[in-house]
Amino acid sequence: MGARSSATRPRAVGRAAGLGLGGATLLTLLTGCSVEDWGSAFGHFGWPGRGISLQAHEMYDLWIASTIAALVVGFGVWGLIFWCIIRYRKRGEELPVQTRFNMPMEILYTVTPVLIVAVLFYYTAIVQTSIDKLSKNPDQVVEVVAFKWNWQFNYQDGMGEDAGTVASTVGSSDVIPLLVLPVGEKIRFEETSTDVIHSFWVPEMLFKRDVMPGNVRNVFEVTLDREGRYVGRCAELCGTYHAFMNFELVVVSPDKFDTFLKAKVDGASTQEAMEAIGFTGQEAYATTTQPFNTRRQQNSWNQPETVAAGK
Ligand SMILES: [Cu+2]
């Protein structure tokens, strides 16, 4: 009697744990806890939040949901490992019953991983297709030109290499370039590099894409949905001043954007155009690029002192 009850106890514990886990999952589904609630409870699992574009939200949901699914599977596996270690620990010199080729078990642990991979693949393919989708009529086309070691942003009047440039912003050794864009509009980015491979990266967009030299033109579209100012960086090690290759994305209302672009078209500098939409003084310059800035003369270790002093 005693032996029997000690054998059933671990099984009951395992069953209760399984029920608890399933119950907790069901409860969160029924109480309507969103993926974002889960994400913020765990510090977004390393990402800087839910992002600032419709595309970012899709990637965020996929990332958080698959991480949680991985953790659930992980805890299940760890639970089984520890349960086996304790339940079947060595108790004497007698060799336990040797079993092998348990067909249901073999099938179970072949089918389960295949199912998990298939589900992950399915959702990844859906999100990836959506992120890469290009529309026929984007609201705004920006040509991103990367070079050693800065950025130029050309506002285009059409798509493709033959389109004309309406206005452009370029960074220098002293001024960090600003990329001003409207909220809620479909923006098409067309990337090209004049020298080596760079990578356009706005961490808050949860997205980066390589900028290739030559005739490879990477194109993607983004609809921004949160106004604000966000740091942008080069994410491809491209040479000596790679770390200083920063820019700032300024997301404003469509009205402000139109005013900005009109000022640029009329010949204003980027800073003057920023003042025209209410960003005066220091706000007309990049504010988010710390701890790195592009004032190379002051930060560089291999410049003559005269250069290091300023001009
Ligand atoms: Cu670069």
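Just above, that's the structure.
Residues numbered from 1 in each chain as written. Predicted model: local features only at pLDDT ≥ 70, side-chain atom pairs only at ≥ 80, totals over all residues. Heavy atoms only, no water.

Asks: For this particular structure, what's the right way to read the coordination of the copper ion?
Replies: Donor atoms from the polypeptide that bind the copper ion are His198 (ND1), Cys234 (SG), Cys238 (SG) and Met245 (SD), placed at 2.1 to 2.6 Å. All donors of the copper ion come from a single chain, and their spacing in sequence reads H-x35-C-x3-C-x6-M. Remark: Cys238 occurs in the loop between strand S9 (228-234) and strand S10 (246-252) and His198 occurs in strand S6 (residues 198-202); sequence separation between them is 40 residues. When its relative accessible area of 0% is taken as the criterion, His198 is described as buried. The class of Cys238 is buried, set by a relative accessible area of 8%. (Donors = N, O, S within 2.8 Å, 3.2 Å for Na, K, Ca; no water. Helix = DSSP H or I, 4+ residues; strand = E, 2+ residues; numbered from the N terminus. Buried < 20%, exposed > 50% of the residue type's maximum accessible area, 1.4 Å probe, protein only.)

Asks: Please explain helix H5 (residues 254-265) as it appears in this structure.
Replies: With 12 residues, H5 extends 16 Å from end C-alpha to end C-alpha; this agrees with the ideal 16 Å at 1.5 Å per step. By the burial criterion, the buried members of H5 are Phe257, Phe260, Leu261, Ala263 and Lys264. For H5, the arc enclosing every buried residue in end-on projection is 160 degrees, short of the 170-degree limit, so these residues lie on one face. For H5, the exposed residues lying more than 90 degrees away from the buried face are Asp255 and Lys262. Those residues of H5 that are buried are in contact with strand S1 (140-147), strand S2 (150-156), strand S3 (165-170), strand S4 (178-182), S10 and helix H6 (270-276). The first or second residue beyond H5 is Gly267, which carries a positive phi of 105 degrees. (Expected span 1.5 Å × (residues − 1). Arc of directions from axis to C-beta. Contact = heavy atoms within 4.5 Å.)

Asks: Explain the sheet that holds S4 here, please?
Replies: Pairing within the open sheet is mixed, and its 5 strands lie in the order S4-S10-S9-S6-S7. Looking at strand neighbours, the two that pair on one side only are S4 and strand S7 (207-211), the edges of this open sheet. For this sheet the average axis-to-axis angle between neighbouring strands, irrespective of direction, equals 25 degrees. Strand direction decides the pairing type here: S6 and S7, joined by 5 bridges, are antiparallel. Each bridged residue has a counterpart across the sheet, and for Val202 the counterpart in S7 is Phe207. Against the sheet, H5 contacts S4 and S10, and its axis sits at roughly 130 degrees relative to S4. (Pairing = 2+ DSSP bridges. Axes fitted to C-alpha atoms, helices over the stretch in contact; angles between N-to-C directions.)

Asks: Where do I start with the pattern of salt bridges in this structure?
Replies: Working definition: two side chains of opposite charge can pair if their charged atoms are close together. For the structure on display, the rule yields 9 salt bridges. Lys90 is the salt-bridge partner of Glu93, the closest N and O atoms lying 3.9 Å from each other. For the pair shown, Glu93 and Lys90 are each scored as exposed. Between Glu248 and Arg229 there is a salt bridge, with the nearest N and O atoms lying 2.7 Å from each other. Of this pair, Glu248 sits in strand S10 while Arg229 sits in strand S9, and the two are 19 residues apart along the sequence. (Salt bridge = Lys/Arg side-chain N within 4 Å of Asp/Glu carboxyl O.)

Asks: Help me understand helix H3 (residues 54-87), please; the structure alone is not making it clear to me.
Replies: Given 3.6 residues per turn, any residue in an α-helix points the same way as the ones three and four places further on. With 34 residues, H3 should cover 50 Å at 1.5 Å per step; its first-to-last C-alpha distance of 49 Å lies within 8% of that length. Taken together, the buried positions of H3 are Gln55, Ala56, His57, Met59, Tyr60, Ile64, Thr67 and Gly74. Residues of H3 that are buried sit in contact with helix H2 (35-41), helix H4 (103-131), S7 and strand S8 (218-223).

Asks: How do you make sense of the layout of surface pockets when you look at a structure like this?
Replies: Over the atoms rolls a probe the size of a water molecule, and in doing so it shows where empty space is left. Estimated volume of the largest pocket: approximately 910 Å³. Among the elements that line the lining of the largest pocket, the one with the most residues is H4, at 6 residues. (1 Å grid on protein atoms, 1.4 Å probe; cavity = no way out; pocket = protein on both sides within 12 Å on 5 of 7 lines; lining within 4 Å. Points joined across faces, edges and corners; volume = space filled by probe spheres on them.)

Asks: Explain the pairing of S10 to me, please; I cannot follow it from the model alone.
Replies: Sheet faces and side chains relate simply in a regular strand, where the side chains alternate between the two faces. In terms of burial, S10 is a largely internal element, 7 of the 7 residues being buried. Residues of S10 alternate between two faces, with Asn246, Glu248, Val250 and Val252 on one and Phe247, Leu249 and Val251 on the opposite face, all of them buried. Alignment of S4 against S10, held across 5 bridges, turns out to be parallel. Residue Leu178 lies in a different strand from S10, and its bridge partner there is Glu248. Relative to S10, S9 runs antiparallel, the two sharing 6 bridges. Counted as the bridge partner of Val231 is Glu248 from S10.

Asks: How should the pairing of strand S5 (residues 186-193) be read in this particular structure?
Replies: With 7 of 8 residues buried, S5 lies mostly within the body of the structure. Relative to S5, S1 runs parallel, the two being bridged by 7 bridges. Each bridged residue has a counterpart across the sheet, and for Val144 the counterpart in S5 is Glu191. Pairing geometry for S5 and S8, over 6 bridges, is antiparallel. Bridging from a neighbouring strand, Arg188 pairs with Glu221 of S8.

Function cannot be read off these values alone, since they describe shape.
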